[in-house]
Structure formats: C-alpha cells, structure tokens
There are 2 protein chains.
Amino acid sequence: MSPEQTPAAGHGPIVPSPQSAAVLWPAAGRVSAGMWAQRRATNADASIPEGPGRLEEAGNLANFRAAAQTDTAPTAFTGDFQFQDSDVYKWLEAAAWQLADTPAPALAAETEKIIAQIRPAQRPDGYLQTYYQLGGGTPWSELGWGHELYCAGHLIQAAIAHYRATGGTELLDVAVKFADHIAAAFGPCAAVDGVCGHPQIETALIELYRTTGQQRYLDLARYFLDRRGQGTLTAGADRGHDRDPGPEFWQDHLPIRQADEVVGHAVRQLYLLAGAADLAIETGDSELTAKLQDLWQDMAGTKTSLTGGVGARYDWEAFGDPYELPADRSYNETCAAIASVHFSWRMALLTGQTRYSDLIERTLYNGFLSGVGLDGRHWLYVNPLHRRAHAHERPGDQTATRTEWFRCACCPPNAMRLLASLPHYFATHSSEGFQLHQYATGIYTSGDFTVRVATRYPWESRITATIDQAPPGVTSFSLRIPAWCDGFQARLNDTSVDATAPDGWLTVTRAFSSGDTLVLDLDMPVRFTRPHHRVDALRGMRALERGPLVYCLEAVDQPAGVDLEEIVIDPTSPATVTGAPNLLGGVNTLTVHGRCQRPDDSWWPYRTEAQAELLQENVPLTAVPYGVWGNRGSGAMRVWLPEQTPDPA
Amino acid sequence: MSPEQTPAAGHGPIVPSPQSAAVLWPAAGRVSAGMWAQRRATNADASIPEGPGRLEEAGNLANFRAAAQTDTAPTAFTGDFQFQDSDVYKWLEAAAWQLADTPAPALAAETEKIIAQIRPAQRPDGYLQTYYQLGGGTPWSELGWGHELYCAGHLIQAAIAHYRATGGTELLDVAVKFADHIAAAFGPCAAVDGVCGHPQIETALIELYRTTGQQRYLDLARYFLDRRGQGTLTAGADRGHDRDPGPEFWQDHLPIRQADEVVGHAVRQLYLLAGAADLAIETGDSELTAKLQDLWQDMAGTKTSLTGGVGARYDWEAFGDPYELPADRSYNETCAAIASVHFSWRMALLTGQTRYSDLIERTLYNGFLSGVGLDGRHWLYVNPLHRRAHAHERPGDQTATRTEWFRCACCPPNAMRLLASLPHYFATHSSEGFQLHQYATGIYTSGDFTVRVATRYPWESRITATIDQAPPGVTSFSLRIPAWCDGFQARLNDTSVDATAPDGWLTVTRAFSSGDTLVLDLDMPVRFTRPHHRVDALRGMRALERGPLVYCLEAVDQPAGVDLEEIVIDPTSPATVTGAPNLLGGVNTLTVHGRCQRPDDSWWPYRTEAQAELLQENVPLTAVPYGVWGNRGSGAMRVWLPEQTPDPA
C-alpha cells in the first residue's frame with residue numbers, strides 16, 4: 001500500500017505528502033453515532049450557524065468590507081485585537097470541514113458569502129490583514145504583536161479546508177496570493193528577516209506545500225522555523241502593553257533544536273512544535289524528530305493536567321515550571337488543548353507510537369471538551385480543575401463560568417474547526433496496515449482499507465470493528481490499547497486473539513476478508529488516580545477516572561450538607577457506575593464515598609498539631625465527567641479530592 | 001495618662017488624635033542593636049543614599065523639573081507609569097524618618113534639594129501630578145489608572161514625615177495646597193464625584209487631619225471611603241490596557257461596609273482598609289471596627305502565606321480565593337506585605353489586641369524582609385515560597401531573582417520608608433500602661449513611660465525590659481507573648497511573674513520604679529508547621545519555623561546529590577539550631593533530616609499505584625531564614641517540604 005498521490009475529497013486537515021517520511025497517514029472518517037456524533041451535531045446545528053452573527057456583531061466581517069473600500073475615506077478597525085481576521089478564517093475552516101462531512105446548502109451559501117467579503121479586501125500585491133489596512137500601522141513593522149503571519153496561517157488552513165471540502169479555489173487563490181507575497185517579503189535577503197510573534201503559519205505553509213506541491217512553501221516554513229529563537233522579536237515586545245512578556249512568550253528564546261523543554265505561551269509553543277513536526281514529517285529529519293519527542297515528553301510528563309489541559313499559568317497563558325500543575329489555578333486555555341492535539345497528532349503520524357493518541361484521547365474527552373458548552377453556545381476559555389464556591393474571577397474571557405462569546409474570541413471557532421474535522425484524527429494506515437486510534441461508531445477509510453466501528457465508548461468498553469474492505473494478502477489491523485487500560489480481551493470472528501499489545505498496539509496480522517470482525521473489550525474499572533510525587537499542588541489527593549474520562553464532583557450533585565471544600569474521599573470504599581441517560585446529554589455517573597472535615601476558621605491557618613477532624617460517616621458522592629462540568633450554573637467543582645489518610649507523624 | 005495633645009518630634013507615621021477612639025498610642029522608638037538595627041543601618045547607608053540616583057536615572061525627578069517650566073515648550077513625561085511621582089514622595093518619606101532617627105547633613109541637603117524641585121512643579125491652583133502636567137491628558141479624567149489621588153496621598157505622607165522629622169513646612173505647604181485643591185474638586189456636589197483607582201489618599205488625609213487639626217481632611221477621607229464600591233471606576237477600566245481587571249481590582253465592587261472578604265489587588269485592598277481603620281480610630285465607629293476585624297481575619301486566616309505575604313495571584317496582583325495559597329506561584333508583592341503591616345498596626349491601635357502585632361512580626365521578619373536584599377541594593381517585587389531550579393520567570397519586575405531596581409519601582413522606596421520608621425511600630429501606651437509589641441534592643445518612649453529593651457531576638461529568646469521612667473502610682477507593663485509561643489517564663493527583678501498571657505499579653509500591674517527589670521524567656525523550639533487542611537497546594541508538607549522566623553532550604557546549602565524537588569523531610573528526626581555569625585549577615589541555621597525520592601520521568605505523571613520510592617537514608621539538610629533567601633544567586637529554594645508519610649490506602 002502507499003498513500004494517495006494527490007490530496008482528494010475525504011481528506012482532513014493534515015495529509016502528509018506521498019514522498020514524506022510519515023509512518024502513518026490519516027484516514028478519512030465519518031462518525032455516525034455516539035458521544036462524538038452528538039457533540040458534532042451540536043457543533044453543526046448550533047455553534048457553526050451562530051458564528052457569522054457573532055463575527056458580524058464583533059465587527060470582524062465589517063473589517064473586511066471596510067478594507068475593500070480603498071477608494072473611500074478610511075474606516076476605523078473594529079475590535080480590540082490585531083488578529084481578529086483569524087476568527088473569521090477559523091470559522092470558515094470549521095464550516096468547510098462540516099460541509100465536507102455533511103452537505104448543507106444554507107451553510108455553503110453562508111460560507112461563499114463570507115469568502116466573497118474577504119476576496120476584495122486583499123491588496124493587489126497579495127497582502128491581507130484588515131487591522132493594518134485600516135490604519136493600524138505599517139505592515140510587517142510589528143512582528144511581535146502584529147499577528148499578520150498568524151492570520152495568514154489561518155487563512156491558508158481555511159482555504160485548504162474549503163478546497164478539500166468543495167474543490168473550489170475561491171479562497172485558495174487568496175491564500176496562495178498572500179503566501180506568495182509573504183515568500184517575497186520574508187527571508188534572509190528580503191525586506192523582512194524575522195518571524196511572527198505567534199507561530200501558526202508554519203503548519204499552514206507545509207499543508208499548502210502538500211496541497212499545491214510547491215516546494216517554496218515548504219522552504220518558507222523551514223525558514224520561519226529555523227529563524228525563530230534568535231531574539232528578533234525583542235524590540236517590539238512592549239508596544240501597547242505595559243508589561244514585558246519576555247522572549248519565551250514569543251517562542252523566541254531559543255531555536256527549537258536547542259530547546260530542552262516546552263516553555264512560554266502554551267498555544268504559541270505548541271503551534272510552533274506542530275509546524276516543526278510537519279517539517280520533520282516532510283523531510284525525515286531524524287534529529288529534529290528526536291528533539292520533538294523529547295519536547296513532547298517534557299510537556300506530557302511534567303506540564304500537563306490530568307485532563308490533558310496545558311499551560312498552567314494565568315500569567316501570560318504560559319507553561320509553568322515542571323510539575324507546576326495546580327488544580328485551582330490551572331489556566332489550560334481551550335486553544336492550548338487544541339494545539340496539544342495538533343502537535344500530538346503530527347507526532348503520531350511521524351512516529352507511529354501510541355502515546356500521542358493516548359494523550360489526544362485524554363485531551364479530547366476532558367480538557368478540550370470542557371471548553372465547549374453542551375448547548376454549543378457557551379464556552380470556556382480557561383479550564384481549571386477546581387472551582388471554589390464563590391470563586392473570585394475577573395469578568396471577561398478568563399472566568400471559569402461559561403460565556404457566550406469572548407472579547408478575544410480565539411477559542412470558539414478553534415473548537416468548531418476541531419470538532420468539524422475530528423473524525424480525521426481517529427484512524428490511519430501505514431505500509432503495514434490499518435490502525436484505529438480512537439473509538440467512535442462510524443466508518444474509516446485509509447489506503448485500501450475501509451473499517452466500520454460500532455461502540456458505546458466511552459460509556460461502555462466494547463469496540464466492534466468490522467473490515468468492509470482490505471487489501472489482498474497478509475496485512476495488519478491494529479487497535480490502540482489505551483495507556484489507562486490494564487487489561488483487555490479480544491476476539492476475531494469469535495476466536496480469541498492473544499491479548500498482548502506491545503508498544504500499545506493490539507495487532508492482528510493475517511489476510512483479511514470483508515466482514516471480518518474484531519471485538520475488543522477493555523477493562524474499565526473506576527480508577528482512584530494519584531499525581532506524580534513532585535506535583536506539590538496535588539499531594540495527598542486522588543482523582544476519579546474511568547476509561548478515557550476524568551471525573552469531577554460538582555456541588556449540585558452532592559447530598560445536602562456536603563461542602564466540596566471540606567471533603568475527603570475514601571479510596572478504599574467501592575465505587576459504582578450508574579448510567580444517567582437524561583443527565584448532561586447522557587453520561588455515566590460515578591458514586592464514591594467520603595466525609596467532611598470540621599471547618600476551622602481560626603485566625604491563623606498554620607500550626608504544629610494535626611488538624612482536620614472528620615465529622616460524619618462516609619456519605620455517597622456523585623461524580624460526572626469533567627468534559628461536561630459547568631453546564632448547570634457556576635457552582636463549585638473539583639477534580640482532585642483529598643483522600644482520608646492516617647495521621648502522619 | 002493621655003496621649004500628647006499635639007504631634008511632636010519623635011512621632012512616627014501614625015499618631016491618633018487626642019480625641020480619637022484609639023486604645024493604644026504608638027511609642028517613639030529608637031533601635032540601637034540587633035537584627036533590625038543592622039538592616040536599618042543598611043537602609044540608611046545603602047538603600048536611601050542610592051535612591052536619588054535611581055530616581056534621576058528613571059526620569060522621576062526630571063518630570064518635576066519639566067513640570068515647573070510652564071513658560072517653555074512642553075517636555076514629554078519620562079517613564080512608563082502615571083504614578084511615578086509617588087516613587088519620589090516615598091523616598092522623601094523614607095529620608096525624613098531616617099533623619100528623624102539619625103541626623104545626617106548630606107541626606108538632609110539631598111532631601112531639601114529634591115523638595116526644592118517639587119515645589120515649583122505645583123500648579124498655582126494646587127494641582128500636582130507631573131504625568132498630566134506633561135501632556136498625559138486632562139487631570140481627574142482617568143480616575144481608574146490616573147493615580148492622581150494616590151500620588152497626592154504619598155505626597156501628604158512624605159510632607160508629614162518631613163514636618164515631624166524637621167519641623168519644616170516646605171513640603172507640608174505643598175501637600176496642604178494640593179489637599180485643599182482636592183477638597184474643592186471632589187465631592188457629591190463638586191466637579192468630580194468619584195474615587196481613585198488606587199486607594200492611598202485615605203490614610204494620608206486622616207494623618208493630615210491629625211497633623212493640622214483641620215476637620216475637612218477627615219471629612220474628605222470619609223467621603224472617599226464611603227464613595228468607594230459604587231462602580232464609579234468601571235468606565236475608565238480599559239484605558240491603555242487590553243484586559244479588563246474588573247471592579248474588584250479597583251476595590252470598587254462593594255462598599256467596605258458590605259464586603260465580607262478581602263479581594264482584588266492586594267495593595268489596593270489593604271491601603272483602603274488601613275484608611276478605613278484610621279477612620280474608625282478617629283470616629284470610634286464600632287460597626288466599622290467590627291467589619292474591619294472580620295476582614296482582617298479573612299485575610300490572616302485564609303489568604304496569607306506562612307511568611308505573612310499576601311496577594312496569592314500573579315494575575316492582577318490579587319488576593320486569591322480562600323486557602324488558595326500556593327508555594328511556587330504565591331505572588332506576595334513586597335508592597336502588599338507593607339500594606340498588611342499598615343492595616344494591622346492600625347487595627348492594633350484600634351483594638352489593643354495582640355493578633356495584629358503577631359501578624360506584623362511574622363510579616364516583618366519574613367514576607368517583608370525577603371523583599372529587601374541584604375546589601376540594600378537588590379530587591380524582590382514578588383516573594384514566592386518556592387523557587388524551582390531553572391525556574392521560568394519572565395524578565396522584569398516579577399522575577400524571583402533579586403533585581404537592582406524595577407520599571408514599576410513601587411517596592412524599593414516603600415520598603416525604605418517602612419524600615420526607616422520601623423521602631424515606631426514596636427511599642428505603645430494606653431490609659432492602662434505600656435505595651436511592648438516587638439522585641440528589639442532600643443529605647444521606647446510613650447506617654448509617661450520610657451522603657452529600654454535588650455535582646456538578641458530573634459536569634460535568642462530572652463527579652464530584658466527595663467523601666468527608665470514610669471508614671472507614678474499603679475500602672476501596667478505588658479509584653480506580647482507571640483502566637484507562635486507555647487510557653488514562657490518571666491521574672492521581675494528576679495522574682496517570678498505568673499506566666500500567663502490572657503489575650504496574648506503578659507501584663508504586670510504595680511507601681512513601677514526606675515530600674516525595674518522584666519526578663520522574659522520565650523520557649524523557642526524548632527517547629528514543623530502544618531498548613532490548614534484546606535490549603536490544597538501545601539497538603540502533606542511541613543515548614544520549619546523557630547520563633548518568629550520562617551525557614552527555607554536553599555539548594556546552595558545542601559549536601560551534594562540532594563535535589564530540592566525530590567526531597568522529603570522526617571519531622572520526627574530532631575532538629576538542631578546552629579549559630580552562623582558569618583552567614584547572611586549572621587543567622588541561626590536549622591538542621592533537619594530528610595531523604596530524596598527516586599526521580600520518575602515517565603511520560604505520564606498520573607497513575608493508580610503508589611509512587612515515590614525513597615532512595616537513601618536520612619541526610620542532614622540546612623535551613624536558613626526565609627527573610628534572607630536569594631542573596632547568594634538564583635538557585636532553588638523552598639519553604640514547604642513534603643514529609644515522609646506511611647503510604648496511605
């Protein structure tokens with residue numbers, strides 16, 4: 001088998017070129033039932049249709065119309081941020097992936113209408129950023145905060161999505177023209193020799209290379225990746241901002257190849273590393289691949305919340321120090337969870353290792369999904385793992401109360417585009433065979449394989465995968481055994497399969513026939529998970545997990561008199577799983593047991609004697625999946641729960 | 001006894017009026033030996049003399065000179081902040097208190113020279129803020145960020161210090177003229193009806209009332225205090241800032257009398273409450289007093305680090321939720337520690353209770369002192385309780401590496417003025433007698449008492465207090481028994497005194513004669529202090545304390561191979577105290593024992609099984625006082641140390 005020679009309909013956002021060094025190639029996927037189908041339907045029916053109204057209301061679309069009116073008096077830019085065009089592009093990308101999945105004439109018309117507003121805004125020379133066109137200053141003069149290349153990247157990604165979804169080049173023409181303008185403007189001997197304060201164009205240019213076959217886009221991406229980390233952004237750091245974010249914020253502190261940990265603004269760091277991973281995929285640069293594996297492990301092993309959320313600090317939306325992973329003040333921007341998926345998926349394609357899809361699964365079900373309200377109309381920008389009753393949060397984007405839209409509206413359309421393209425992250429093929437990474441009812445086509453999956457995952461643990469089509473001869477069919485899973489059983493056509501999964505893959509190798517069915521049953525007990533011993537903020541606590549889901553206690557579900565701030569749980573008491581089809585869109589709840597501690601409001605909270613007298617006998621406590629928390633008001637929530645312990649010393 | 005009828009030489013920054021409801025009146029104090037004398041000498045010899053150069057370099061003084069040149073072309077304001085004048089005023093206040101303590105002709109001349117630059121900058125109508133005079137905009141139009149009243153407050157405090165120190169009115173004239181301008185400009189029926197985004201003028205106006213006897217300043221302070229919390233600042237919130245700090249930041253979310261917790265920007269909150277406490281002192285408002293007691297308890301009991309540091313969040317320098325007290329990301333601005341002392345001392349004067357001086361002691365020796373480098377030339381703006389090796393900190397003000405000066409230079413001159421006036425916070429008299437709050441070798445005069453103190457506190461636990469002068473007849477002499485102290489012995493002229501301290505005071509009541517000597521010996525073992533059970537970030541950890549001192553481990557002091565991130569301590573192993581006269585200006589170190597855990601760098605840091613294998617037998621670990629940390633480079637430091645525990649469950 002070999003990958004397709006040209007991108008074609010059915011492709012998702014990332015399609016390594018045929019000559020690339022990718023180990024895996026993404027399947028085209030369609031999800032037809034289950035939890036992801038339900039959330040994707042909400043995305044299609046509520047979130048995406050609401051987008052144009054939001055973008056109109058916030059002025060983003062008006063900016064394009066104004067920028068097109070070159071012959072009239074200048075119009076002021078609307079909005080607070082230089083990067084507002086990108087919200088439109090991200091929405092267009094979401095709409096395109098949605099149209100590729102399910103034709104919808106109204107959405108198609110809306111999409112064309114918005115593209116028709118963008119096209120005339122482009123300057124004849126190809127430049128396009130309404131902020132600078134509407135009086136914001138000189139293009140390319142403020143690479144730190146200007147976000148011009150960042151917006152160009154989102155334009156390119158939207159254009160590719162539109163092209164792959166519809167075959168139309170109305171937006172791709174704009175993107176190519178802008179990309180060519182950038183290629184002429186930037187370079188070691190060009191007018192501008194530097195990088196953007198917000199990485200994003202790197203992945204986009206490489207996907208444009210994959211789409212058009214034009215080497216110059218790969219070269220330009222390589223230039224931006226190699227040029228970074230040389231302090232070019234220092235000078236512009238302070239414009240309009242009264243604090244200096246420092247070079248790590250811009251990802252300009254070190255070249256990628258010299259870095260040994262993920263630092264700075266989480267989204268910037270991970271978009272950059274996703275671009276570097278794309279470069280490694282296309283070039284087969286093994287040294288870069290090894291560096292990216294190390295950086296990914298630094299992220300996953302020391303700087304990721306249990307939910308997959310990343311970027312611990314409110315302060316400049318940054319990664320913290322290793323093991324700085326507070327529950328209450330974990331920032332965990334929704335966009336950073338998305339960026340983590342982008343980076344991890346490319347690492348999966350680059351290496352074929354399962355750990356990347358392990359983290360993707362965890363992130364999707366928990367730290368990403370929590371950002372999207374059940375109704376598709378309310379969002380979280382930050383995704384902490386603990387919200388106290390009557391928490392003090394500033395109004396605006398960084399509240400942990402679901403919000404209809406944000407002044408800095410990066411997250412909602414970013415979530416829309418990931419949900420709309422999500423099935424493309426679920427399966428792959430390789431030169432060896434076919435791999436299922438994620439489990440959702442649907443059909444997945446890759447290489448010469450077509451596989452149908454039926455499952456009630458994540459609520460139930462059985463996955464039934466049926467071969468509809470397979471290439472002739474001996475090949476392999478692999479299912480990822482999740483890292484959280486300690487045991488499983490598998491049968492092929494009612495015959496037991498050896499239940500081993502070296503390197504995380506359960507692989508069956510044989511000549512497959514249409515109708516061959518592999519049934520996988522994962523052991524899925526409730527887990528009382530502990531933190532790493534170096535995570536100070538979580539010491540002495542446990543979290544409840546089942547399968548890929550992290551659970552949390554919400555105050556609204558607990559018996560009267562239970563104060564979540566005073567709770568301790570008993571990890572030796574058995575936990576039960578209860579189906580709750582009418583709760584939060586249909587979930588399983590967990591019941592565990594715990595007690596409350598006696599409140600202590602003495603004037604000084606530190607002392608030598610032991611504290612925390614336990615008040616009552618164990619009471620039942622109900623936990624719901626973290627991914628759906630906060631959909632019933634703004635009460636207290638916590639993932640990490642102190643455990644009853646014998647009094648030490 | 002009654003307090004002096006008029007402020008006079010020897011008075012410090014806070015002198016309740018004779019007709020006030022104060023329970024205690026501050027003594028005039030002079031500290032002659034010991035730790036505070038040593039640090040105050042550094043303040044006098046290094047910090048204060050360096051100030052004018054720093055203020056010249058940063059442009060603060062040039063702004064005054066430029067504002068005076070009304071007949072020439074306008075000069076641009078120098079500096080990034082509207083409130084830069086206040087740095088000059090705070091330095092002047094520090095210089096004045098220092099001159100009051102120890103005459104110094106060169107410093108006196110420098111002071112007069114700077115005052116001579118300020119006076120001509122004042123507009124004829126009394127207004128004075130160089131930022132707005134040098135083209136920054138319309139005065140009083142930006143109450144949120146403008147800081148005009150804040151600067152006025154610092155001007156008034158500096159002027160009062162200068163007046164009390166020298167008897168001169170050169171600066172007091174300027175302050176009175178500005179105060180009168182403000183009194184005319186502000187009010188329910190005046191041109192401006194609102195409050196300043198940064199409280200500070202409230203305490204200053206009340207001290208001006210105390211200094212001049214003019215009721216209008218007390219009335220104006222009352223207006224500002226009562227007007228606050230009515231949302232007047234919302235409109236100006238966004239100017240020049242791309243994020244909305246919200247009304248809690250400005251202390252404009254609720255009137256003080258309706259608040260039930262301390263929230264928002266810590267310095268703003270505590271300066272405001274200090275002003276409210278001054279109002280309660282002057283008016284005897286028992287309802288306000290009770291509210292302030294509750295708010296203070298909320299702060300001390302739920303939002304204060306072990307070091308006395310307050311304001312847990314980097315995000316807008318704010319108080320966190322109750323018990324949100326991380327070690328690694330505790331912001332604990334030096335100015336907030338100073339503000340806590342301001343608020344607490346007024347509460348001590350208002351109520352006579354010892355808990356306020358308990359917190360002052362803790363804050364001074366730890367969370368405040370850590371902000372001041374041992375050399376008096378390097379400062380910390382933030383004072384976390386844990387700094388990891390190779391910590392990721394943005395450059396600039398918010399690094400936890402000592403810095404010569406800050407772009408936002410609020411902390412250094414604030415620390416200088418507190419150190420210069422510090423002995424005035426050490427003793428009081430009341431209608432009952434004399435009270436010693438803090439223990440430092442020196443002489444304290446209050447009412448008709450003069451008391452000499454000799455002690456090696458905090459290194460040794462004996463305090464010898466000799467009556468030089470006492471009023472005739474039966475009176476009382478009280479010494480604060482610190483809240484950390486579990487037992488003590490006391491002798492008066494070699495006769496045992498009943499070792500009880502109801503309400504925290506050890507009180508001897510009798511007719512005193514000159515030469516009567518009270519010797520107090522405080523039990524001062526090493527303490528392995530535990531956090532309140534609700535502080536998630538500190539669960540399972542202990543801190544080392546001895547007397548008023550919080551200790552920390554610095555990497556530089558530990559045996560080879562000890563990684564502070566992997567350490568667990570054994571609180572059952574005996575701790576020893578060692579005098580180290582040549583270390584860090586002369587300290588006691590503590591030696592405790594602990595082990596390291598096996599490093600675990602697996603790619604996912606959460607699991608169900610127990611972790612953290614212990615590697616070696618107990619090794620000795622050396623702790624130094626937190627107040628002097630970070631004076632030997634920027635290595636790792638931690639106050640809270642995980643303790644060895646039996647594996648739970």
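I will try to describe carefully the structure that is included in this document. Everything numeric in this text was worked out from a predicted model, so none of it was measured.

**Details of the overall build of chain A**
If you tally the helices and strands in chain A, you get 16 helices and 23 strands. The globule rule puts the C-alpha radius of gyration for 649 residues at 26 Å, and the 25 Å found for chain A is close to it. Taken along its principal axes, the extent of the C-alpha atoms in chain A is 75 × 70 × 50 Å. With 649 residues in all, chain A has 67% of them scored as buried. Restricting to contacts in chain A with at least 6 residues of sequence separation, those with at least 24 account for 70%. Carbon and sulfur atoms make up 51% of the accessible area of chain A, which amounts to about 20,300 Å² in all. When the 51 positive and 75 negative side-chain charges of chain A are each reduced to one mean point, those points stand 2 Å apart.

**Focus on the packing of aromatic side chains**
Going through the model one piece at a time under the given rule, you end up with 66 aromatic pairs over all chains. Ring centres of B:Trp140 and B:Phe178 lie 6.3 Å apart, and the angle between their planes is 35°; on these two criteria the pair is classed as tilted. Remark: B:Phe178 occurs in helix 8 (residues 170-185) and B:Trp140 occurs in the loop between helix 5 (130-136) and helix 6 (143-146); sequence separation between them is 38 residues. Take B:Trp140 and B:Phe178: they sit in the same class, and that class is buried. With a centroid separation of 4.8 Å and 70° between ring planes, the pair formed by B:Trp145 and B:Trp250 is classed as edge-to-face. Here B:Trp250 lies in helix 11 (residues 247-250) and B:Trp145 lies in helix 6, a separation of 105 residues in the sequence. Residue classification places B:Trp250 among the buried positions, given a relative accessible area of 1%. In this structure an aromatic cluster arises from ring pairing among A:Tyr127, A:Trp140, A:Phe178, A:Phe186, A:Tyr223 and A:Phe224. Seen from the ring of A:Phe512, A:Arg510 lies directly overhead, with NZ or CZ sitting 5.8 Å from the centre.

**A closer look at the sheet that holds strand 9 (residues 474-480) of chain B**
Taken in spatial order, the 5 strands line up as 1-4-5-9-12 (chain B) in an open sheet, and their pairing is mixed. Each having just a single partner strand, strand 1 (25-26) and strand 12 (505-511) of chain B make up the two edges of the open sheet.

**Regarding the sheet that holds strand 9 (residues 474-480) of chain A**
Residues and elements named next belong to chain A. Read across the sheet, 5 strands follow the order 1-4-5-9-12 without closing on themselves; strand pairing throughout is mixed. Lying at the two open borders of the sheet, with one neighbouring strand each, are strand 1 (25-26) and strand 12 (505-511). Bridge count for strand 1 against strand 4 (residues 427-429) is 2 bridges, and the pairing is antiparallel. Its bridge partner lying in strand 4, Trp-25 is registered against His-429.

**What to know about helix 14 (residues 334-351) of chain A**
The α-helix winds at 3.6 residues per turn, so residues separated by three or four positions along the chain end up facing the same way. All names here are of chain A. Helix length check: helix 14 (18 residues) gives 26 Å between terminal C-alpha atoms against 26 Å at 1.5 Å per residue, within 8%. The buried fraction of helix 14 amounts to 18 of the 18 residues, a majority that puts the element mostly inside the structure. Just downstream of helix 14, Gly-352 is the residue with a positive phi angle, here 75°.

**Thoughts on the pattern of salt bridges**
As enumerated under the stated definition, the model contains 102 salt bridges over all chains in all. Across the pair A:Arg362 and A:Glu545 runs a salt bridge, and its minimum N-O distance is 2.7 Å. Here the residue A:Arg362 occupies a position in helix 15 (residues 355-368), and A:Glu545 occupies one in strand 15 (residues 541-546), the gap between them amounting to 183 residues. Across the salt bridge formed by A:Asp521 and A:Arg462, the nearest N and O atoms sit 2.8 Å from each other. Within this pair, whereas A:Asp521 is found in strand 13 (residues 517-522), its partner A:Arg462 is found in strand 8 (residues 462-469), the two being separated by 59 residues in sequence. Take A:Asp521: its relative accessible area is 15%, and that puts it in the buried class. A:Arg462 sits in the partly exposed class, given a relative accessible area of 41%. Put simply, A:Arg313, A:Asp315, A:Asp321, A:Glu324, A:Asp536, A:Arg539, B:Asp328, B:Arg329, B:Arg388, B:Glu565 and B:Arg638 are held in one network by salt bridges that share partners.

**What to know about the pairing of strand 16 (residues 549-554) of chain A**
All names here are of chain A. Counting buried positions along strand 16 gives 6 out of 6 residues, so the element sits mostly inside the fold. What you see with strand 16 is no split at all: Leu-549, Tyr-551 and Leu-553 on one side and Val-550, Cys-552 and Glu-554 on the other are buried throughout. Both strand 15 and strand 16 contribute to a ladder of 2 bridges, which runs antiparallel. Within strand 16, the residue paired with Arg-546 across the bridge is Leu-549. Bridge analysis of strand 16 against strand 21 (residues 619-625) gives 3 bridges, and the strand direction is antiparallel. Bridge pairing in strand 21 links Cys-552 to Val-624. In terms of strand pairing, strand 16 meets strand 22 (residues 637-638) through 2 bridges, oriented antiparallel. From the neighbouring strand, Glu-554 faces strand 22, where its bridge partner is Met-637.

**So, the state of the cysteines**
Here the structure, examined in full by the defined rule, presents 0 disulfides over all chains. Left without a disulfide partner, B:Cys411 is nearest to the cysteine sulfur of B:Cys335, which lies 3.5 Å away.

**Here's the deal with the relation of the copies chain B and chain A**
Of the two same-sequence chains, chain B is brought onto chain A (RMSD 0.0 Å, axial shift 0.0 Å) by a rotation of 180°. What the rotation and shift describe, once combined, is the action of a two-fold rotation axis. For chain B, the residue whose C-alpha comes nearest the rotation axis is B:Ala537, separated from it by 1.9 Å. Of the residues that chain B buries at the interface, 100% are likewise interface residues in chain A, meaning the two copies contact each other through the same surface.

**Structural notes on the interface of chain B and chain A**
With 87 residues of chain B at the interface, the matching set in chain A holds 87 residues. Between chain B and chain A, roughly 7,400 Å² of surface is buried when both sides are summed, and carbon and sulfur atoms account for 49% of that area. Three residues stand out in chain B for area buried against chain A, namely B:His392, B:Trp603 and B:Tyr606, and they jointly supply 13% of the buried area on that side. Applying the counting rule to chain B against chain A returns 13 salt bridges. In this structure, the salt-bridge partner of B:Arg329 is A:Glu324, at a minimum N-O distance of 3.6 Å. For the interface between chain B and chain A, the tally reads 37 residue pairs in polar contact (both at pLDDT 80 or more). Secondary structure elements with two or more residues in the side of chain B that touches chain A: helix 11, helix 13 (286-302), helix 15 (355-368), strand 14 (526-531), strand 15 (541-546), strand 20 (606-607) and strand 23 (640-642) of chain B. Considering every element that reaches the side of chain B that touches chain A, the biggest residue donor is strand 14 of chain B, with 5 residues. Residue composition of the side of chain B that touches chain A, grouped by class: 33 nonpolar, 21 polar and 33 charged. Sheet topology places strand 14 (residues 526-531) of chain A next to strand 20 of chain B; 2 bridges connect them, and they run antiparallel. Bridge pairing in strand 20 of chain B places A:Pro531 opposite B:Tyr606.

**Here we look at unusual backbone geometry**
Residue and element names in this part refer to chain A. Residues Tyr-457 and Pro-458 are joined by a peptide bond in cis, for which omega reads 5°. When you line up the elements, Pro-458 lands in the loop between strand 7 (449-455) and strand 8. One non-glycine residue, His-147, lies in positive phi territory at about 60°. Locating His-147 in the fold gives a position in the loop between helix 6 (143-146) and helix 7 (148-166).

**With respect to the environment of B:Pro625**
Residues and elements named next belong to chain B. By the secondary structure assignment, Pro-625 is in strand 21 (residues 619-625). Distance in space between the C-alpha atoms of Pro-625 and Asn-63 is 40 Å, their sequence separation being 562 residues. Excluding anything up to four places from it in sequence, Pro-625 contacts Trp-459, Leu-549, Val-550, Tyr-551, Cys-552, Val-587 and Asn-588.

**Notes on the packing of helix 12 (residues 266-283) of chain B against helix 13 of chain B**
When two helices pack together, their arrangement is captured by the angle between the axes and the distance separating the axes. All names here are of chain B. Interhelical geometry of helix 12 versus helix 13 gives an angle of 150° and a closest axis separation of 10 Å. When the axis of helix 12 is compared with that of helix 13, the two are roughly antiparallel. Crossing geometry of helix 12 relative to helix 13 is assigned as left-handed. In this structure, helix 12 uses Leu-270, Leu-273, Ala-276, Ala-277, Leu-279 and Ala-280 to contact helix 13, whose residues at the interface are Leu-288, Thr-289, Leu-292, Leu-295 and Met-299.

Criteria and thresholds
- Residues numbered from 1 in each chain as written.
- Chains lettered and ligands numbered in written order.
- Predicted model: local features only at pLDDT ≥ 70, side-chain atom pairs only at ≥ 80, totals over all residues.
- Heavy atoms only, no water.
- Helix = DSSP H or I, 4+ residues; strand = E, 2+ residues; numbered from the N terminus.
- Rg over C-alpha atoms; globule rule 2.2 N^0.38 Å.
- Buried < 20%, exposed > 50% of the residue type's maximum accessible area, 1.4 Å probe, protein only.
- Contact = heavy atoms within 4.5 Å.
- Areas by Shrake-Rupley, 256 points an atom, 1.4 Å probe, with all protein chains shown as cover.
- Lys, Arg positive; Asp, Glu negative; His and termini not counted.
- Charge placed at Lys NZ, Arg CZ, Asp CG, Glu CD.
- Phe/Tyr/Trp six-rings, centres within 6.5 Å; stacked < 30°, edge-to-face > 60°.
- Lys NZ or Arg CZ within 6 Å of the ring centre and 35° of its normal.
- Pairing = 2+ DSSP bridges.
- Expected span 1.5 Å × (residues − 1).
- Salt bridge = Lys/Arg side-chain N within 4 Å of Asp/Glu carboxyl O.
- Disulfide = S-S within 2.5 Å.
- Least-squares fit on C-alpha atoms with pLDDT ≥ 70 in both.
- Buried area = accessible area lost by both parts, 1.4 Å probe.
- Polar contact = N/O pair within 3.5 Å; in protein donor to acceptor, adjacent residues only side chain to side chain.
- Nonpolar A, V, L, I, M, F, W, Y, C, P; charged D, E, K, R; others polar.
- Axes fitted to C-alpha atoms, helices over the stretch in contact; angles between N-to-C directions.
- Parallel < 35°, antiparallel > 145°, perpendicular 65-115°, else oblique.
- Left-handed = near helix turned anticlockwise from the far one by under 90°.

Honestly, it's all geometry; don't read function into it.
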